[in-house]
Structure formats: structure tokens, C-alpha cells
Amino acid sequence: MKIALGTDHAGFILKSAVVDYLTSRNIEVVDLGAYIVDEEDSYTDPAFRVAGAIADGEAEAGVLLCGTGYGISIAANKIPGIRAVPCDTPENARIAKAHNNVNVIALGGRTIKPSDVPEILKTWLDTPFEGGRHLRRLNKIAMVEKSTLNVIQGGGRITIFNHPLIQHKVGIIRDKNTSVKQFRELLQEITGLMVYEITRNLPLTDKKVDTPIEATTVKTIEGRKMAIVPVLRAGLGMVDGILQLVPNAKVGHIGLYRDPATLEPVEYYCKLPFDIEERDIFILDPMLATGGSSAAAISLVKKRGGRRISLVCLIAAPEGIDKVHSEHPEVEIYSAALDSHLNSHGYIVPGLGDAGDRLFGTK
Ligand code: RB5
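The structure contained in this document is the topic of the report that follows. These numbers were taken from a predicted model, which means no experiment stands behind them.

### So, the overall build of the chain
Part 1: Of the regular secondary structure elements, the chain holds twelve helices and 19 strands.
Part 2: Of the contacts made within the chain by residues no fewer than 6 positions apart, 64% connect residues no fewer than 24 positions apart.
Part 3: Computed over 41 positive and 44 negative side-chain charges, the inter-centroid distance for the chain is 6 Å.

Shown next as C-alpha cells:
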């Protein structure tokens, strides 16, 4: 495990106690400064460095030190996915982890002694997150974060789209009175709007063109290619939304059914572009419910050589996110909405029902 550490001048007095305790547990400490005591140093920069390291996946958690732990946690909490609180006692640390799953703990050099540090850190690290109703609350918080990048507990990355246009359309598609025609159109439109973000990391190179005025250098997407892979059958409803914007993407198909005896997903069809290992692959599966079929689809694509894989969904449940990330932590999940939980039949709540039936009018 890697923990990022940041301090200002007023927290510095606790720094060696933190390093000593974490290293005694074989935890790697990424020291992001300050390295000397300078009264002019503010708590803001170390807060943003530590929070940024967690958001970028360079560290799993963070310890921040300032005079009280207050200012530095306020600053860190501005970075999406960060849950930082000041803790003065082991009991605070216990509740902060069990209920709030804090990934950053802030300690005050003016409110605790170096000898208090080990017990507070031990309690924070060893207390499990209780999940359940607490996870639902954290998911609500994650949904209102301004940026689209959130780190969910379980270690993987998920991007939730909180753009008003997407939220508006998701609202209509959830309505049980929305017709099949409208459902199809909306699913395509929402997927199309998501393309802007899911293609954000495609690499660019320079290219020369002549404008009517002069020769100039423009950006062009590098030779790397995209593949979109709908999971049958509901994933089909997302394909055209992407192809309208990326018409040269190749399309594979995966068919899975659930074995009624084992409840495990079983492959019945898989046809992928022949050069799948060279492509950025986007698996399309509108409802990430238990995560069983999405995780199996990812495994199938990996078995055929796929390496750079993302999962694109319309609605995700925390259970499905955890399942996919526990099996494929490197896969980035994109979802237009993050819902509360699954009901006893495995349907996402509030969800929209069965996306395949609503898309094809089979119910
Ligand atoms: C610095 O004097 C102090 O204000 C700072 O370390 C922290 O306590 C702020 O919340």
C-alpha cells in the first residue's frame, strides 16, 4: 500500500511520527513535502499534491498535517474523490473510516502530540468501511462533485457524467411511460454525449494543413484505433451513438447468457476485430447491475488479446462497479448515472427496468 503525506509548517512536528508508524507497517510513504519548516508555507499546496496523487492513482490514501487538520482537509476535499477529515482521537478515526470511508486523514500539530499518532493511524487503517447506507450517501456526494472523475472504494476509476443535458435525458429514459422509439433515440443520444469524455485520452499528433490563409500545424488523433464492443443485446442500443461521432471505429459483438443453474455468465457469441490487441476497446453494456456479464465480457476480450479496455454504461450500481473493479481494477468505467443499489431480483434501483426489453419492446 502507498500513502501520500503532506504537511505545512504547523503540522511538521508530527511528520516523523507518521513516517515511523507507516513504515513500521511496511506501508510505502510518498512524501510530497514540505521538507523543511517555513512559516510562509501554506497548507494548500501539500493538500492539493496529496489529493492529486490519490486522484491520479499514484497513492491509495493520504495523511495531511497542519496546525489543526482543518484547513488542509478543506483544501483536499476540493479534489473529486477525496474524503478528508481532521481526527484528534482514535474514536474519530474509527467513525470516519467506518461511516465515511475517509481516504485522507488530517492531523493537527497543535491539537495532538506525536505520541498520539500511532493509535489514530492504526485505527483508521484497520477499521473496515461499513458500506450499506453509508455507501449510498457517499455515492450521492460523488454524484454532485463537479469534475467527472471519482475514485470509488474498491480501487478502480469510474467517471460519472453530471452534465445537465445527460442528466436531463437520463431522467426521461428512466420514465416507464417513455416509448420504445424515444428510448432508442435517447440511449443513442446519451451515448453520443458521453463520447466527448470517453475519448479524452486518445493520443494526438501534429499534422500540417493549408488553411485558405496559410500553412499551419493542427492536431490529429494518432494512428491508434477504436473498437466498440456491445454486449448483446442491450449494448446494441449504444452503438450508433458512438459511430455517429467516430464512424471509423470497428464493432465487435459479445453474447452472454446466464446459466440458470450456476447463475454464471456463459459465452454464446464472440466476434471481435482481428487486430483487437492494437485498439482502444470500449465495451458497451447499458446496465451495470451485478457486474457479472460486464466482468465476463471484459475477461473474454482480454482472452482474445484486448489490452486497453474501458466499460461504458448508462446506469451503474455500486455492486456492479465493485465486481468489475475487483476482477479488472485497471478498467475505467464510464456511466451516465450512478444509482443507489440492487433490489432482491438484481435490478438497479431506481434504474429503468430491463434495458433490452425497453429498447426492443419485448415486454
Ligand atoms: C497555520 O498557522 C495554521 O493556520 C494551519 O496550519 C492550519 O491549522 C489551518 O487550518
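### Here we look at the environment of Phe 48
Part 1: Summarising the element assignment, Phe 48 is placed in helix H2 (residues 44-55).
Part 2: In this structure, Phe 48 is in contact with Ala 75, Lys 78 and Ile 79, ignoring residues within four places of it in sequence.

### Things to note about the sheet that holds strand S3 (residues 61-66)
Part 1: Reading across the sheet, the five strands line up as S2-S1-S3-S5-S4 and stay open at both edges, with parallel pairing between neighbours. The open sheet is flanked by strand S2 (28-31) and strand S4 (84-86), the only strands paired with a single partner. Sheet twist, expressed as the average angle between the axes of neighbouring strands with direction ignored, equals 25°.
Part 2: Pairing analysis gives five bridges linking S3 to strand S5 (residues 104-108), with the strands arranged parallel. If you follow Cys 66 over to S5, its bridge partner there is Gly 108.
Part 3: The strands touched by helix H1 (residues 15-24) are strand S1 (2-7), S2, S3 and S5; relative to S1, the strand with the most contacts, the crossing angle is about 175°.

### A short note on the site of the ligand
Part 1: Taken together, Asp 8, His 9, Ala 10, Tyr 43, Cys 66, Gly 67, Thr 68, Tyr 70, Gly 71 and Arg 110 form the complete shell of residues around the ligand.
Part 2: Considered on its own, the ligand offers 290 Å² of accessible surface; in the complex 73% of this is hidden by protein.
Part 3: Of the residues contributing to the shell around the ligand, the split by class is four nonpolar, four polar and two charged.

### Considering a nonpolar patch on the surface
Part 1: On the surface, Tyr 257, Tyr 268 and Tyr 269 cluster together into a nonpolar patch covering about 330 Å² of accessible area.
Part 2: Residue position: Tyr 268 is located in strand S13 (residues 265-271).
Part 3: By relative accessible area, Tyr 268 is classed as partly exposed at 47%.

### Digging into the packing of aromatic side chains
Part 1: For the structure shown, the criterion picks out two aromatic pairs.
Part 2: Taking 6.4 Å as the distance between ring centres and 45° as the angle between the ring planes, the aromatic pair formed by Phe 161 and Tyr 334 counts as tilted. Linking Phe 161 in the loop between strand S7 (157-160) and helix H7 (164-174) with Tyr 334 in strand S17 (residues 332-338), this pair joins segments that are 173 residues apart in sequence.
Part 3: A relative accessible area of 5% places Phe 161 in the buried class.
Part 4: Geometrically, the ring pair formed by Tyr 257 and Tyr 268 is tilted, given 6.4 Å between the ring centres and 35° between the ring planes. A residue pair is termed long-range when its members are at least 10 positions apart, and Tyr 257 in strand S12 (residues 253-258) and Tyr 268 in strand S13 qualify at eleven residues.

What counts, and where the lines are drawn
- Residues numbered from 1 in each chain as written.
- Predicted model: local features only at pLDDT ≥ 70, side-chain atom pairs only at ≥ 80, totals over all residues.
- Heavy atoms only, no water.
- Helix = DSSP H or I, 4+ residues; strand = E, 2+ residues; numbered from the N terminus.
- Contact = heavy atoms within 4.5 Å.
- Lys, Arg positive; Asp, Glu negative; His and termini not counted.
- Charge placed at Lys NZ, Arg CZ, Asp CG, Glu CD.
- Pairing = 2+ DSSP bridges.
- Axes fitted to C-alpha atoms, helices over the stretch in contact; angles between N-to-C directions.
- Near = heavy atom within 4 Å.
- Areas by Shrake-Rupley, 256 points an atom, 1.4 Å probe, with all protein chains shown as cover.
- Nonpolar A, V, L, I, M, F, W, Y, C, P; charged D, E, K, R; others polar.
- Patch = residues over 30% accessible without salt bridge, like charges linked within 9 Å, V, L, I, M, F, W, Y side chains within 5 Å.
- Salt bridge = Lys/Arg side-chain N within 4 Å of Asp/Glu carboxyl O.
- Buried < 20%, exposed > 50% of the residue type's maximum accessible area, 1.4 Å probe, protein only.
- Phe/Tyr/Trp six-rings, centres within 6.5 Å; stacked < 30°, edge-to-face > 60°.

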